[in-house]
Amino acid sequence: MDTAKHQFLNEFGESYGYPDAPNSIDDIRATEFKRLDGSVYLDHAGATLYSELQMEAIFKDLSTTVYGNPHSQSSSSLATSDIVENARHQVLKLCNASPKEYKCIFTSGATAALKLVGEALPWSDQSTFMYTIENHNSVLGIREYALNKGAVALAIDFKEAAESSIKVLQHPIQKRSETRVLDEQPTGEVYNLFAFPSECNFSGVKFNLDLIEMIKEDSEKLFEGSQHCKGNWMVLLDAAKGCGTDPPNLSKYKADFVVMSFYKLFGYPTGLGALIVRNEAARLLKKSYFSGGTVAASIADIDFVKRREGIEESFEDGTLSFLNIASIRHGFNILNTLTMVSISRHTSTLARYTRNMLLALKHANGQDVCKIYGLEYLKTVHSGLGPVVSFNLKRADGSWVGPSEVEKLASLSGIQLRTGCFCNPGACAKYLGLSHAELLSNIEAGHVCWDDLDILHGKPTGAVRVSFGYMSTFEDAWRFMNFIISSFVSLPITTLRSRSIQSATKGDMTTTEHHLTSIVVYPIKSCAGFKVDSWPLSSTGLLYDREWLLKSTNGEVLTQKKVPEMNFIGTNIDIKSGILHVESPRCKEKLVIELKSNLFASVEEINVHSQRYEVMGYDNKIDTWFSNAVGRPCYLLRSSKSCTRLNKSQNPSICRDIKTRLNFVNEAQLLLISEESVCDLNHRLNSKEGSVGLPSMEVDAMRFRPNLVISGGVPYTEDSWSGLNIGKNHFMSLGGCNRCQMINLNYQAGEVQKSNEPLATLAAYRRAKGKILFGILLRYEWEIDTAEETSSWVHVGQEVYPDAC
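Reading guide: rules and limits
- Residues numbered from 1 in each chain as written.
- Predicted model: local features only at pLDDT ≥ 70, side-chain atom pairs only at ≥ 80, totals over all residues.
- Heavy atoms only, no water.
- Helix = DSSP H or I, 4+ residues; strand = E, 2+ residues; numbered from the N terminus.
- Buried < 20%, exposed > 50% of the residue type's maximum accessible area, 1.4 Å probe, protein only.
- Contact = heavy atoms within 4.5 Å.
- Areas by Shrake-Rupley, 256 points an atom, 1.4 Å probe, with all protein chains shown as cover.
- Disulfide = S-S within 2.5 Å.
- Phe/Tyr/Trp six-rings, centres within 6.5 Å; stacked < 30°, edge-to-face > 60°.
- Pairing = 2+ DSSP bridges.
- Axes fitted to C-alpha atoms, helices over the stretch in contact; angles between N-to-C directions.
- pLDDT = per-residue confidence, 0-100.
- Core = buried A, V, L, I, M, F, W, Y, C linked by side-chain atoms within 4.5 Å.
- Patch = residues over 30% accessible without salt bridge, like charges linked within 9 Å, V, L, I, M, F, W, Y side chains within 5 Å.
- Salt bridge = Lys/Arg side-chain N within 4 Å of Asp/Glu carboxyl O.
- Lys, Arg positive; Asp, Glu negative; His and termini not counted.
- Charge placed at Lys NZ, Arg CZ, Asp CG, Glu CD.
- 1 Å grid on protein atoms, 1.4 Å probe; cavity = no way out; pocket = protein on both sides within 12 Å on 5 of 7 lines; lining within 4 Å.
- Points joined across faces, edges and corners; volume = space filled by probe spheres on them.
- Parallel < 35°, antiparallel > 145°, perpendicular 65-115°, else oblique.
- Left-handed = near helix turned anticlockwise from the far one by under 90°.
- Nonpolar A, V, L, I, M, F, W, Y, C, P; charged D, E, K, R; others polar.

A. Main features of the overall build of the protein. Each helix and strand counted, the protein has 21 helices and 42 strands in total. Considering the protein as a whole, with its 805 residues, one finds that 53% of them fall into the buried category. Intrachain contacts of the protein at a sequence separation of at least 6 include 71% that bridge at least 24 residues. Accessible surface for the protein amounts to roughly 36,700 Å². Of this, 51% is attributable to carbon and sulfur atoms.

B. Region of the structure containing the environment of Leu-773. As for its position among the elements, Leu-773 is in strand E40 (residues 771-780). Note on Leu-773: relative accessible area 15%, which makes it buried.

C. Here's a closer look at the state of the cysteines. Taken as a whole and judged by the stated rule, the model has one disulfide. The thiol sulfur of Cys-634 is not disulfide-bonded, and the nearest other cysteine sulfur, from Cys-527, lies at 8.9 Å. A relative accessible area of 5% means that Cys-634 is categorised as buried.

D. Structural view of the packing of aromatic side chains. Counting across every chain of the model gives 30 aromatic pairs. Between Phe-202 and Tyr-373, the aromatic rings sit 6.1 Å apart at their centres with planes inclined by 50°, giving tilted as the arrangement. Here Tyr-373 lies in strand E13 (residues 370-373) and Phe-202 lies in the loop between strand E6 (191-197) and strand E7 (205-207), a separation of 171 residues in the sequence. Taking the relative accessible area as the measure of exposure, Phe-202 reaches 0% and is therefore buried. Accessibility expressed as a relative area gives 5% for Tyr-373, which makes it buried. Between the aromatic rings of Phe-568 and Tyr-747, the centroid separation amounts to 5.4 Å while the plane-to-plane angle is 90°, which identifies the pairing as edge-to-face. Of the two residues, Phe-568 sits in the loop between strand E25 (548-552) and strand E26 (570-574) while Tyr-747 sits in strand E37 (residues 745-748), which places them 179 residues apart along the sequence. On the basis of relative accessible area, Phe-568 is assigned to the partly exposed category, the value being 22%. Three or more aromatic residues link up through ring pairs in this structure, and these residues are Phe-8, Phe-12, Tyr-16, Tyr-353 and Phe-474.

E. Focus on the sheet that holds strand E8 (residues 232-238). What the eight strands build is an open sheet, ordered E2-E10-E9-E8-E6-E3-E4-E5; its pairing is mixed. Two strands in the sheet have a free side with no partner beyond their single neighbour: strand E2 (102-107) and strand E5 (166-170). The average undirected angle you get between the axes of adjacent strands in this sheet is 25°. Here five bridges tie strand E9 (residues 257-261) to strand E10 (residues 273-278), and the two strands are oriented antiparallel to one another. Bridging across to E10, Met-260 finds its partner in Ala-274.

F. The arrangement of the sheet that holds strand E27 (residues 579-583) in detail. Taken in spatial order, the three strands line up as E26-E27-E28 in an open sheet, and their pairing is antiparallel. The outermost strands of the open sheet, each flanked by one partner alone, are E26 and strand E28 (591-594). This sheet shows a mean twist of 20° between the axes of neighbouring strands, independent of strand direction. Sheet strands in contact with helix H19 (residues 620-630) are E27 and E28, and its direction is about 135° off that of E28.

G. Geometry of the environment of Phe-129. Mapped onto the elements of the fold, Phe-129 is located in strand E3 (residues 128-132). Judged by its relative accessible area of 0%, Phe-129 is buried. Separated by 45 residues in the primary sequence, Phe-129 and Gln-174 have C-alpha atoms spaced 9.7 Å apart. If we ignore the near neighbours within four places in the chain, the residues touching Phe-129 are Trp-123, Val-139, Ile-142, Arg-143, Ala-146, Val-152, Ala-153, Leu-154, Leu-193 and Ala-195.

H. Spotlight on the confidence of the model for the protein. Residue-level pLDDT values for the protein average 88, and 90% of them are 70 or greater. Here strand E32 (residues 652-654) is the element of the protein with the lowest mean pLDDT, 34, and strand E1 (residues 40-41) is the one with the highest, 98. Every residue in residues 495-499 scores below 50 in pLDDT, and together they form 12 contacts with partners more than four places removed in sequence or on other chains. In this model, residues 505-510 is a region of pLDDT below 50 whose contacts with residues beyond four sequence positions or in other chains number seven contacts.

I. Inspection of the side chain of Ser-76 at higher detail. Within the secondary structure, Ser-76 sits in helix H4 (residues 75-94). Once you skip the residues sitting within four places of it in the chain, Ser-76 turns out to touch Val-66, Tyr-67 and Gly-68.

J. A look at the nonpolar core. Counting residues in hydrophobic clusters, the biggest one holds 120 residues, and the most contacted among them are Phe-106 and Phe-480. With seven residues, helix H17 (residues 474-488) is the largest single contributor of residues to this core. Among residues more than four places away in sequence, those in contact with Phe-106 are Val-84, Ala-87, Arg-88, Val-91, Phe-262, Leu-272, Gly-273, Ala-274, Glu-316, Leu-320, Ile-325 and Ile-328.

K. Inspection of a negative patch on the surface at higher detail. Together, Asp-210, Glu-213, Glu-217, Asp-218 and Glu-220 make up a negatively charged patch on the protein surface. In this structure, Asp-210 sits in helix H8 (residues 210-222). Judged by relative accessible area, Asp-210 falls into the partly exposed class, the value being 36%.

L. Up close: the pattern of salt bridges. Using the criterion set out here, one finds 32 salt bridges in the structure. Here Glu-475 makes a salt bridge to Lys-5, at a shortest N to O gap of 2.8 Å. Of this pair, Glu-475 sits in helix H17 while Lys-5 sits in helix H1 (residues 2-12); the two residues are 470 residues apart in sequence, bridging distant segments of the chain. You can call Lys-5 buried: its relative accessible area is 16%. Note that Lys-206 and Asp-246 form a salt bridge whose closest N and O atoms lie 3.2 Å from each other.

M. Highlighting empty space enclosed by the protein. According to the stated counting rule, one finds one cavity of 30 Å³ or more in the structure shown. Considered as a void within the structure, the largest cavity measures approximately 110 Å³ in volume. If you trace the largest cavity, you find 14 residues lining it, with His-44, Gly-244, Thr-245, Lys-264 and Phe-468 closest to the centre.

N. How the structure looks around the pairing of E8. Counting buried positions over the seven residues of E8 gives six, a clear majority of the element. Note: E6 against E8, seven bridges, orientation parallel. Within E8, the residue paired with Ala-195 across the bridge is Leu-236. As paired strands, E8 and E9 are joined by three bridges and run parallel to one another. Residue Leu-237 lies in a different strand from E9, and its bridge partner there is Val-258.

O. Representation of a nonpolar patch on the surface within the structure. On the surface, Ile-299, Ile-302 and Phe-304 cluster together into a nonpolar patch covering about 270 Å² of accessible area. Within the secondary structure, Ile-299 is located in strand E11 (residues 295-299). A relative accessible area of 38% places Ile-299 in the partly exposed class.

P. The arrangement of the packing of H1 against H17 in detail. Packing of H1 against H17 leaves a shortest axis separation of 11 Å and a crossing angle of 120°. By the angle class used here, H1 and H17 are oblique. The chirality of how H1 crosses H17 is right-handed. For the pair H1 and H17, contact is made by Ala-4, Lys-5 and Phe-8 and by Phe-474, Glu-475 and Trp-478, respectively. For the contact of H1 with H17, the residue count by class is four nonpolar, no polar and two charged.

Q. View of the side chain of His-363. Structurally, His-363 is set in the loop between helix H13 (340-360) and E13. With relative accessibility at 5%, the residue His-363 sits in the buried group.

Here it is as structure tokens:
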């Protein structure tokens with residue numbers, strides 16, 4: 001790293017850090033962000049981090065000053081009012097906005113500020129809401145107000161024309177009411193709104209703020225040929241992303257509305273934003289609702305209200321979040337000490353270095369590793385790139401690496417970044433080259449925001465984004481680049497062997513016998529299972545395996561990923577007596593559930609992993625027991641004998657056949673783990689670089705929640721099996737099991753310990769096409785003509801006969 005940093009400073013040293021500030025960037029990071037020790041945080045576009053010094057100042061302020069409700073005349077209330085007014089001036093100063101020309105309205109965030117504009121703007125059926133295709137969903141939502149009032153909404157993009165002029169590309173016109181008569185003269189003033197971001201949160205492309213004057217003063221020329229440019233244009237600037245490093249200069253660029261969120265500037269507080277509004281524009285906003293704080297007088301039983309006349313107090317409903325407002329001055333103190341110019345220069349330098357390094361990466365076969373978005377921006381419309389790097393990675397064969405795979409592996413390496421479309425669907429579709437047909441097809445396939453469907457029809461559905469903040473360092477960028485190189489750049493074959501999936505050869509299968517050493521049943525999804533020596537099979541795999549689940553009151557299926565304590569809920573089934581026994585350290589009494597009773601008659605339907613199930617519930621006593629056991633309200637559900645499978649169009653269809661009927665499992669009926677594979681993993685865990693001198697780490701097969709554990713053969717020989725026989729029972733292999741963070745949960749003495757292992761080690765040598773594989777998934781080939789569904793059993797000690805692929 002020392003050599004790399006020396007080279008970096010030789011090239012970028014003049015722009016890196018804060019030479020005029022009291023502390024260097026290294027000192028700032030070491031003393032004010034100690035909680036980042038060992039971690040790399042690269043999602044400042046999503047939320048930047050608060051300084052520990054900042055929080056100490058806030059705590060001292062709040063613990064030594066009495067702040068009262070500002071809607072009063074007491075001394076504490078007057079002190080709050082003074083703090084609020086001071087905060088307004090600081091916000092205006094950040095954007096170089098004169099208090100004579102602009103006002104600062106506090107909101108609950110940038111989204112609330114945008115909503116306020118959409119609600120209060122005087123839309124008519126002659127109005128137009130126009131916005132750049134690169135806009136946040138919170139901006140797009142304004143079109144609902146416009147369309148509902150009969151206005152037209154349309155997205156635009158730009159392309160360069162002759163002589164460095166701009167050509168506007170209009171996307172389809174959106175309208176809901178009957179076609180308006182465009183040649184008809186409006187009966188009154190017509191007001192239109194144009195919205196664009198100061199910096200695109202997807203690509204980091206910064207928009208030239210000269211657009212503001214062009215829209216307001218020369219819209220007919222800019223939108224030449226458009227029928228939707230008549231009337232008065234107002235401009236909304238979404239500065240939520242851009243303000244953190246490059247706030248707009250409103251003394252020069254006269255936007256009518258500017259929105260921001262303070263957690264994007266200095267991390268704390270969240271839930272507080274601002275609308276900076278030009279006085280002339282504020283007078284046009286029409287508000288229906290009145291509340292405490294916005295009303296000067298009202299009479300309860302007649303239609304009379306006198307509203308306050310000040311711009312701020314007219315739009316700030318209820319009591320302001322005055323303690324949060326009192327906190328922002330401590331954040332501004334930090335920004336002022338470092339200066340916004342230096343912050344912009346510092347963060348952009350780190351982004352530029354990262355882009356250069358990513359673009360230089362090549363696979364061993366010469367293919368490019370990385371596609372960066374936003375590099376081909378238009379200089380007539382855009383002013384450069386901010387501290388955001390948005391990209392996707394490609395494998396040596398040209399196929400895309402899923403963004404979710406990058407995020408998953410980055411997290412294991414202690415690197416926090418962002419993947420997806422970042423709530424910017426227009427920019428996402430533009431840069432990824434997704435047509436309307438492809439977007440709709442992806443949605444039909446089940447793709448929604450924040451899911452793991454990151455590659456559909458051979459194309460990414462989102463991107464990877466890293467973004468830098470004022471406290472980011474070269475070391476952050478360097479560690480990120482090393483992660484990309486070690487995880488995704490193909491190396492010569494001799495080097496690659498240690499990183500690729502390793503399986504046994506076919507010849508290995510015939511050299512050693514395999515035996516079944518453990519059978520584990522998990523009656524309740526994500527709760528502890530129990531071992532047995534023998535157990536019956538059914539059309540769903542092991543009888544009663546994951547036939548029950550816990551569901552929260554908001555409809556979420558509970559799992560250990562979010563509720564690790566579920567592992568402490570012990571289960572056992574006595575088949576002879578027909579009883580499910582359940583116990584928890586949080587509950588004094590053990591729970592006894594009869595397998596053939598206790599159920600309510602009512603039936604409901606739920607969806608779990610693309611399966612639609614008919615389920616039945618239990619009485620309040622049982623639900624209360626489980627709510628106490630997991631520490632949150634929930635209820636127990638049991639699968640009935642019928643289920644349907646959801647297809648790509650999300651319409652229900654009957655299960656493929658009775659052989660593949662599933663209980664509440666993630667992917668398949670059964671999971672098989674090899675003791676030899678676990679042993680090999682443990683050897684690797686204790687042979688890793690840096691593990692010398694540390695206590696040995698051992699995981700057992702139960703860490704992976706298997707149904708069947710086998711011994712014999714060589715490590716990973718199970719990868720090459722197409723199926724297997726245990727006694728007279730045949731099981732088909734469905735391939736490797738994709739592992740997740742849940743295997744990193746270690747349960748010791750009633751406590752849950754979290755780490756990066758063993759998933760991080762598995763990722764180094766068991767990764768294939770975006771999946772980290774360990775163990776194999778099985779489907780029991782149940783004979784339809786079997787007289788009794790549970791007539792077949794498996795027994796510990798039985799020999800396992802694998803089928804070759």
